[in-house]
Amino acid sequence: MAEFTVQLKAVLKENLYCRECGEWVYTPEMNGTCKNEQGQEVECIGEGCVKKDAKGEFMECPGCSSRYYIND
Ligand SMILES: [Zn+2]
């Protein structure tokens, strides 16, 4: 299982394919909206697509379980 870091802005705009196995991990079509610290509505990764562990928030490849940690 590999671990990568991806930029939030890139994930919100482009399909994310697994760098290990090529499986499709996330598409911007699943984006949702959430409120930021200033109370403004902003685009964010769809609910339920993000998991959390001690290192932070990540998306998991459905093919090989590689983790893509989200860096904003
Ligand atoms: Zn994979």
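Residue indices begin from 1 for each chain and proceed along its sequence in written order. Local features are withheld for residues below a pLDDT of 70 in this predicted model, meaning they are given only at 70 or higher, and side-chain atom pairs are given and counted only at 80 or more; totals for whole chains, interfaces and linings count all residues. The basis for every side-chain value is the complete set of non-hydrogen atoms in the structure, without hydrogens or water.

### A closer look at the overall build of the chain
Put simply, the test is: Going along the chain from the N terminus, every DSSP run of H or I of four or more residues is numbered as a helix, and every run of E of two or more is numbered as a strand. Here the globule rule is a power law, 2.2 Å times the number of residues to the power 0.38, and the radius of gyration is based on C-alpha atoms. Accessible area is worked out with a 1.4 Å probe on protein chains only. A residue is then buried under 20% of its type maximum, exposed over 50%, and partly exposed in between. Residues count as neighbours in contact if any of their non-hydrogen atoms are within 4.5 Å of one another.
In terms of regular secondary structure, the chain is built from one helix and eight strands. Beginning at the N terminus, the succession of helices and strands in the chain can be written as β-α-β-β-β-β-β-β-β. Since a compact globule built from 72 residues should have a radius of gyration of about 11 Å, the 12 Å found for the chain is in line with a globular shape. Dimensions of the chain, computed from the C-alpha atoms along their principal axes, are close to 40 × 25 × 20 Å. Counting across all 72 residues of the chain, residues that qualify as buried make up 33%. Once local pairs closer than 6 in sequence are excluded, the contacts in the chain between residues at least 24 apart make up 40%.

### Section: the pattern of salt bridges
Worth spelling out the cut-off: Salt bridge, as used here: a side-chain nitrogen of Lys or Arg that lies within 4 Å of a carboxyl oxygen of Asp or Glu.
Counted according to the given criterion, the structure contains four salt bridges. Between lysine 51 and glutamate 60 there is a salt bridge, and its shortest N-O distance comes to 2.8 Å. Given the relative accessible area of 26%, glutamate 60 is considered partly exposed. A salt bridge links aspartate 53 to arginine 67; its shortest N-O distance comes to 2.9 Å.

### So, the coordination of the zinc ion
Under ideal tetrahedral coordination, the four donors around a metal are separated by 109.5 degrees; under ideal octahedral coordination, the six donors are separated by 90 or 180 degrees. Rules: Think of the donor list as every N, O and S atom within 2.8 Å of the metal, or within 3.2 Å for Na, K and Ca; water never makes the list, so a site can look incomplete. Geometry assignment treats four donors as tetrahedral when all angles are between 85 and 135 degrees, treats four as square planar and six as octahedral when opposite donors are over 155 degrees apart and all others between 65 and 115, and treats everything else as irregular.
Around the zinc ion, the protein contributes the donor atoms Cys18 (SG), Cys21 (SG), Cys61 (SG) and Cys64 (SG), at 2.3 Å from the metal centre. Because the angles between the four donor atoms bound to the zinc ion fall within 102 to 115°, the donor set is best described as tetrahedral. Mapped onto the sequence, the residues coordinating the zinc ion show the spacing C-x2-C-x39-C-x2-C. Here cysteine 18, found in the loop between strand E2 (16-17) and strand E3 (24-26), pairs with cysteine 61, found in the loop between strand E7 (56-60) and strand E8 (67-71); they are 43 residues apart in sequence, far enough to count as distant.

### Concerning the nonpolar core
For clarity, the threshold we go by: Side-chain atoms within 4.5 Å are what join buried Ala, Val, Leu, Ile, Met, Phe, Trp, Tyr and Cys residues into a set we call a nonpolar core.
Counting residues in hydrophobic clusters, the biggest one holds 15 residues, and the most contacted among them are Leu16, Val25, Tyr26, Ile45, Met59 and Tyr68. Looking at this core, the elements with two or more residues in it are strand E1 (3-7), helix H1 (8-13), E3 and E8. Contact partners of valine 25, with chain neighbours within four places excluded, come to Leu16, Tyr17, Cys18, Met59, Glu60, Cys61, Pro62 and Tyr68.

### Observations concerning the pairing of strand E5 (residues 41-44)
Selection criterion: For two strands to count as paired, DSSP must find a minimum of two bridges between them.
Relative to E5, strand E4 (residues 32-35) runs antiparallel, the two being bridged by four bridges. Note that in E5 the partner of glycine 32 across the bridge is cysteine 44. Joining the antiparallel neighbours E4 and E5 is a turn of five residues, in which glycine 39 adopts a positive phi near 80°.

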